[in-house]
Amino acid sequence: MALQLWETLKEAIVAYTGLAPATFFTVVALLLAVYYVVSGLFGSPPDHRQHQNRHLEEEQMPPLRPPVQLGEITEEELKAYDGSDLEKPLLMAIKGQIYDVSQSRMFYGPGGPYALFAGKDASRALAKMSFEEKDLTGDISGLGPFELEALQDWEYKFSEKYVKVGTVKKTVPITEAESTGEPSESAPRDVDAAKPTEDDRSETAAVKSDETPSNVGADKE
């Protein structure tokens with residue numbers, strides 16, 4: 001069967017090209033070689049330009065500095081590390097833990113796809129994969145089990161890839177009593193004010209002792 005197909009193919013080559021089968025296959029091989037050479041020549045300059053562009057971008061970026069431990073800072077202080085100042089590291093927080101993400105500036109730096117997460121604790125946004133302003137917060141209350149699991153995956157990836165450099169300082173809410181400076185317990189003072197003093201008890205006893213003889217004398221009469 002295969003031999004019959006080969007004989008048929010040779011006859012077709014001779015009939016349509018006028019070339020011997022060996023000559024025909026030699027010409028095909030030469031054409032393929034020329035095609036690869038030409039495509040290589042025309043394809044290399046764009047690749048070379050892309051390599052040059054990446055090299056220029058790397059040269060423009062400042063060299064990465066060793067992560068600096070910041071300790072405990074407020075959310076307001078964390079905003080200063082959003083990548084707008086090249087002299088400062090690029091930071092981002094998850095569940096109150098601050099990580100140095102300077103090595104991924106192309107993602108979290110200005111112009112990157114996740115730039116709005118930089119300089120913030122974006123735990124809620126990461127859990128919900130949301131880019132809304134209201135979700136750019138560290139408040140994770142009310143999240144569902146799948147969202148909390150997604151946040152846990154983010155935290156694991158960050159802890160494996162980046163260096164933790166600090167924590168976000170938690171703000172303690174001020175109660176109304178503390179803000180006004182007034183004591184919150186006034187009931188005990190009212191009770192003390194209602195209790196009779198020793199002077200009041202002695203005066204009451206003296207009045208009773210004065211009234212008793214006169215009442216007794218009036219009965220005898």
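Residues numbered from 1 in each chain as written. Predicted model: local features only at pLDDT ≥ 70, side-chain atom pairs only at ≥ 80, totals over all residues. Heavy atoms only, no water.

### A word on the nonpolar core
Okay, so step 1: Within the largest apolar cluster, 18 residues are counted, with the highest numbers of intra-cluster contacts made by Met92, Ile94, Val101, Tyr108, Phe117, Leu126 and Phe158.
Okay, so step 2: Of all the secondary-structure elements, those providing two or more residues to this core are β2 (91–94), α5 (123–128) and α6 (145–161).
Okay, so step 3: Excluding its chain neighbours within four sequence positions, the residues that come into contact with Ile94 are Tyr99, Asp121, Ser123, Leu126, Leu151, Trp154, Glu155 and Phe158.
Okay, so step 4: Counting residues in hydrophobic clusters, the runner-up holds eight residues, among them Leu78, Ile98, Val165 and Val168. (Core = buried A, V, L, I, M, F, W, Y, C linked by side-chain atoms within 4.5 Å. Buried < 20%, exposed > 50% of the residue type's maximum accessible area, 1.4 Å probe, protein only. Helix = DSSP H or I, 4+ residues; strand = E, 2+ residues; numbered from the N terminus. Contact = heavy atoms within 4.5 Å.)

### Things to note about the pattern of salt bridges
Any two side chains of opposite charge can pair, so long as their charged atoms come close to each other.
Okay, so step 1: This structure, assessed with the given rule, holds five salt bridges.
Okay, so step 2: Measuring nitrogen to oxygen at the nearest pair gives 3.9 Å for the salt bridge that ties Arg124 to Asp135. Of this pair, Arg124 sits in helix α5 while Asp135 sits in the loop between α5 and α6, and the two are eleven residues apart along the sequence.
Okay, so step 3: Assessed through its relative accessible area of 16%, Arg124 is described here as buried.
Okay, so step 4: Asp135 gets classed as buried once you look at its relative accessible area, which sits at 3%.
Okay, so step 5: Here Lys134 makes a salt bridge to Glu132, at a shortest N to O gap of 3.6 Å.
Okay, so step 6: By relative accessible area, which is 64% here, Lys134 ends up exposed.
Okay, so step 7: What makes Glu132 partly exposed here is its relative accessible area of 43%. (Salt bridge = Lys/Arg side-chain N within 4 Å of Asp/Glu carboxyl O.)

### Topic: unusual backbone geometry
Okay, so step 1: Even without being a glycine, Lys95 presents a positive backbone phi close to 55 degrees.
Okay, so step 2: Of note, Lys95 is situated in the loop between β2 and β3 (97–100).
Okay, so step 3: A relative accessible area of 36% places Lys95 in the partly exposed class.
Okay, so step 4: Phi is positive for Met129, close to 50 degrees, though the residue is something other than glycine.
Okay, so step 5: When you line up the elements, Met129 lands in the loop between α5 and α6.

### Observations regarding the confidence of the model for the chain
Any region with low pLDDT has predicted coordinates that should not be read closely.
Okay, so step 1: Put simply, the chain has an average pLDDT of 75, and 62% of its residues get 70 or more.
Okay, so step 2: Contacts from residues 44–48, a stretch scored under 50 in pLDDT, to residues over four places away or in other chains number zero contacts.
Okay, so step 3: Residue range residues 204–209 is modelled with pLDDT below 50. Its contacts to residues more than four positions away, or to other chains, number zero contacts. (pLDDT = per-residue confidence, 0-100.)

### So, the packing of aromatic side chains
Centre distance and the angle of the planes are the two values used to describe a pair of aromatic rings.
Okay, so step 1: Inspection of the entire model under this criterion finds eight aromatic pairs.
Okay, so step 2: Seen in terms of ring centroids, Tyr114 and Phe117 are 6.0 Å apart; in terms of plane orientation they differ by 15 degrees. Their pairing is stacked.
Okay, so step 3: Assessed through its relative accessible area of 25%, Tyr114 is described here as partly exposed.
Okay, so step 4: A residue is classified by how much of its surface remains accessible, and Phe117, at 1% relative accessible area, is buried.
Okay, so step 5: Within the aromatic cluster, the residues linked to one another by ring pairs are Tyr99, Tyr108, Tyr114, Phe117, Phe131, Trp154, Phe158 and Tyr162.
Okay, so step 6: Taking NZ or CZ as reference, Lys88 lies 5.6 Å from the ring centre of Tyr81, over its face. (Phe/Tyr/Trp six-rings, centres within 6.5 Å; stacked < 30°, edge-to-face > 60°. Lys NZ or Arg CZ within 6 Å of the ring centre and 35° of its normal.)

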